[in-house]
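Given next are the chains, with one letter for each unit.
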Amino acid sequence: RGFRMSLSKSSYNYNRKTWEEADFPILCETCLGNNPYMRMVKDKFGAECKICERPFTNFRWQPGKGARYKKTELCQTCAKIKNVCQTCMFDLEYGLPVQVRDHALQITDDLPKEGVNRDYFVQNQERMLSHTDGTTPGGALANIGTDTASAAHDYLKRIARTTPYYKRNAPHICSFFVKGECKRGEECPYRHEKPSDPDDPLSNQNIRDRYYGTNDPVADKILNRAKAMPSLQPPDDKSVTTLYVGGLGPEGAINEKDLRDFFYQYGELRSLNVLGPKGCAFVTYTTREAAEMAAERSFNRINIKNRRLTIRWGIPQAQKGNTTGGEGRPINPVPSLPTTSFPVPESLRPSGSKRPSDSPFVAPPAKLVVPSVAPGKGRGGAGPSGSRIYYPSQDPQRLGAKGDVLEDD
C-alpha cells in the first residue's frame with residue numbers, strides 16, 4: 001500500500017511540474033483588440049486546456065468598448081504546436097483557420113487526440129520547443145519544405161484578410177431577447193438582434209474541430225469562396241502590354257522603386273508611370289508574354305508593404321476614347337436608346353416639309369442654350385442685374401413677340 005502511495009505521489013508531482021505558467025498570452029491582433037490601454041486578469045492555473053486537459057495560466061480581458069470579454073482556451077504548448085491563437089485558434093501568420101492553412105500547405109497532421117498517446121506527444125513537443133527561441137512552430141509545420149511553403153504563401157495571402165476583423169469580438173445574441181423575455185434593456189451585455197439564419201452552419205462550431213482542422217464550417221466557407229474568385233482574362237488586342245496597378249495608398253507609401261523591383265522579375269519593362277495623387281500606376285512591358293505572366297501571377301496575389309494591390313489590364317487610348325466620358329468615367333450604353341439614326345415616318349412628317357424622306361432623324365438638343373443678352377433700359381424687362389428673371393421672349397422687339405412693353409420695377 002505504501003509503495004502504491006509513493007508511486008501516486010511521484011506521478012502527481014511530475015504532472016504538477018508540467019502545469020504551465022505564463023506572463024502573457026499568445027494572441028492574434030483581432031483577439032487582442034484595438035485598445036492600446038487594456039487591462040488583463042491573470043489567473044494562475046485557473047483553467048484547463050481544451051486539448052491536452054492540463055491546467056494552465058488563464059487570461060481574461062475585454063478587447064475594446066462594446067466587445068465581449070474573451071479568455072484563453074488553450075495552453076501555450078498546444079498553441080505553439082499548431083501556431084495558432086490561444087483564443088480563436090486561427091493561424092497567427094495568415095489569420096485563417098487551421099483547415100484552410102493545412103489544405104494549402106498539404107499537411108496531414110494526425111495528432112493523437114486522447115489518452116496517454118496525446119500526453120506523451122505533448123510532452124515531447126514541449127521538450128523540443130524548449131530548445132527554440134519560442135517563435136518556431138512545432139508539429140508538422142516545422143517539417144515543411146521551402147518550395148511547398150513559398151507556393152502556398154501567395155495563395156494564403158490572397159484569401160486572407162489584410163486588416164483585423166474586430167466584428168468577431170462582438171457580444172453574442174441575447175437568447176432572452178429572441179424569446180421576448182429580456183428585461184435588462186440597455187444594460188444587457190448581449191446583442192439585442194434577431195439571428196439572420198438559425199440553420200446557418202456557422203452557428204455549430206467546435207473548439208476541437210477548429211484546432212485539429214476537421215469539419216470546420218468557417219474553413220469550408222473560406223475554401224468555397226476562394227474557388228469562386230474571378231480570374232483576370234487578357235484582352236484580345238495583342239498589342240496591349242500595359243497593366244494597371246491600383247490601391248497604392250497615400251502618395252509616397254509605395255514608390256516607383258518598390259513597383260519596379262516587383263514587376264521586373266516577369267520581364268523587361270518599357271515604362272513605369274506612377275500617379276501619386278491618384279494612388280495608381282501603369283506598368284508597360286516590352287513583350288506580351290511578360291505582361292500575361294505578370295498579370296497571371298500578381299492578380300489578387302500582390303502584396304507590397306502590407307498593401308494588397310489591384311491588377312487590371314490597361315485600356316488602349318483608342319478604345320478608351322469610345323468607352324469613357326470627359327472625366328474618365330466609363331459610360332454604359334442605354335438599353336432603350338437606338339444606336340443608329342432612323343428616318344422620320346411619313347405619318348409624323350409635317351405637310352409641306354421640304355426635307356427628303358431618306359434624311360436621318362435629328363434628335364432635339366438635350367439642353368437649350370439661351371444667350372445671356374438682355375435688352376437695355378427702355379426696351380422693357382429687367383436686365384441681368386435686376387431682381388427679376390429675364391427671358392428673351394419677354395422682349396417685344398426680339399423673337400417676333402407682340403404685346404405691351406413691360407415697365408421697369
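Keep in mind it's a predicted model, so treat the numbers as computed, not measured. (Residues numbered from 1 in each chain as written. Predicted model: local features only at pLDDT ≥ 70, side-chain atom pairs only at ≥ 80, totals over all residues. Heavy atoms only, no water.)

**Topic: the overall build of the protein**
Line of reasoning, step 1. The number of helices and strands found in the protein is 12 helices and nine strands.
Line of reasoning, step 2. Looking at the 409 residues of the protein, the share that counts as buried comes to 32%.
Line of reasoning, step 3. For the protein, the share of sequence-separated contacts (at least 6 apart) that also reach a separation of at least 24 residues comes to 56%. (Helix = DSSP H or I, 4+ residues; strand = E, 2+ residues; numbered from the N terminus. Buried < 20%, exposed > 50% of the residue type's maximum accessible area, 1.4 Å probe, protein only. Contact = heavy atoms within 4.5 Å.)

**Points about the sheet that holds strand β2 (residues 55-61)**
Line of reasoning, step 1. In space, the three strands of this open sheet follow the order β1-β2-β3, with antiparallel pairing throughout. The sheet is open, and its two edges are formed by β1 (40-48) and β3 (70-71), each paired on a single side.
Line of reasoning, step 2. Examined bridge by bridge, β1 and β2 share six bridges and lie antiparallel to one another. Bridging across to β2, E48 finds its partner in P55. (Pairing = 2+ DSSP bridges.)

**Re the sheet that holds strand β9 (residues 310-313)**
Whenever strands of a sheet pair, they do so through backbone hydrogen bonds, lying parallel or antiparallel.
Line of reasoning, step 1. Taking strand neighbours across the sheet as the criterion, the four strands line up as β5-β6-β4-β9 in an open arrangement whose pairing is antiparallel. A single partner strand is all that each edge strand has here, and the edge strands are β5 (269-275) and β9. Ignoring strand direction, the axes of neighbouring strands in this sheet form an average angle of 20 degrees.
Line of reasoning, step 2. One ladder, built from five bridges, connects strand β4 (residues 242-246) with strand β6 (residues 280-285); its direction is antiparallel. Along β6, the bridge assignment pairs G246 with C280.
Line of reasoning, step 3. With respect to the sheet, helix α10 (residues 256-263) is in contact with β4, β5, β6 and β9, its orientation differing from that of β5 by roughly 145 degrees. (Axes fitted to C-alpha atoms, helices over the stretch in contact; angles between N-to-C directions.)

**Quick look at helix α9 (residues 217-227)**
Line of reasoning, step 1. Of all the positions in α9, only P217, V218, A219, I222, L223 and A226 are classed as buried.
Line of reasoning, step 2. A distance of 3.3 Å separates the backbone nitrogen of V218 from a side-chain oxygen at the start of α9, and that oxygen is part of D216. (Polar contact = N/O pair within 3.5 Å; in protein donor to acceptor, adjacent residues only side chain to side chain.)

**Regarding the pattern of salt bridges**
Line of reasoning, step 1. Scanning all chains against the criterion turns up 15 salt bridges.
Line of reasoning, step 2. Here R210 makes a salt bridge to D216, at a shortest N to O gap of 2.9 Å. Like R210, the residue D216 is buried in the burial classification.
Line of reasoning, step 3. Three or more residues joined by partner-sharing salt bridges are found here, namely K82, D91, R101 and D102. (Salt bridge = Lys/Arg side-chain N within 4 Å of Asp/Glu carboxyl O.)

**Side note on the nonpolar core**
Line of reasoning, step 1. With 26 residues, the main nonpolar core has L96, V100, L156 and I159 as its most contacted residues.
Line of reasoning, step 2. At the level of elements, β2, α4 (98-105), α6 (146-159) and α9 are the ones that each hand at least two residues to this core.
Line of reasoning, step 3. When residues in this core are grouped by element, the largest group, five residues, is from α9.
Line of reasoning, step 4. Those residues in contact with I159, other than ones at most four positions away along the chain, are L96, V100, I222, A226 and M229.
Line of reasoning, step 5. Counting 24 residues, the second largest nonpolar core, distinct from the first, contains F262, Y285, F299 and I302. (Core = buried A, V, L, I, M, F, W, Y, C linked by side-chain atoms within 4.5 Å.)

**Side note on the packing of α4 against α9**
Line of reasoning, step 1. Across the interface, α4 lies against α9 with an axial gap of 8 Å and an inter-helix angle of 50 degrees. When the axis of α4 is compared with that of α9, the two are oblique. The residues of α9 that touch α4, namely those facing Q99, V100 and H103, are A219, D220, I222 and L223. (Parallel < 35°, antiparallel > 145°, perpendicular 65-115°, else oblique.)

**A closer look at the packing of aromatic side chains**
Line of reasoning, step 1. Taken as a whole and assessed by the stated rule, the structure comprises five aromatic pairs.
Line of reasoning, step 2. Their ring planes at 85 degrees and their centres at 5.2 Å tell us that Y211 and Y212 sit as a pair that is edge-to-face. For the pair formed by Y211 and Y212, the shared burial category is buried.
Line of reasoning, step 3. Among the aromatic residues, ring-to-ring pairing joins F262, F263 and Y266 into one connected group.
Line of reasoning, step 4. R168 extends its terminal NZ or CZ atom over the ring of F90, reaching a point 4.6 Å from the ring centre.
Line of reasoning, step 5. Stacked on the ring of F176, the Lys or Arg K179 has its end atom at 4.9 Å from the ring centre. (Phe/Tyr/Trp six-rings, centres within 6.5 Å; stacked < 30°, edge-to-face > 60°. Lys NZ or Arg CZ within 6 Å of the ring centre and 35° of its normal.)

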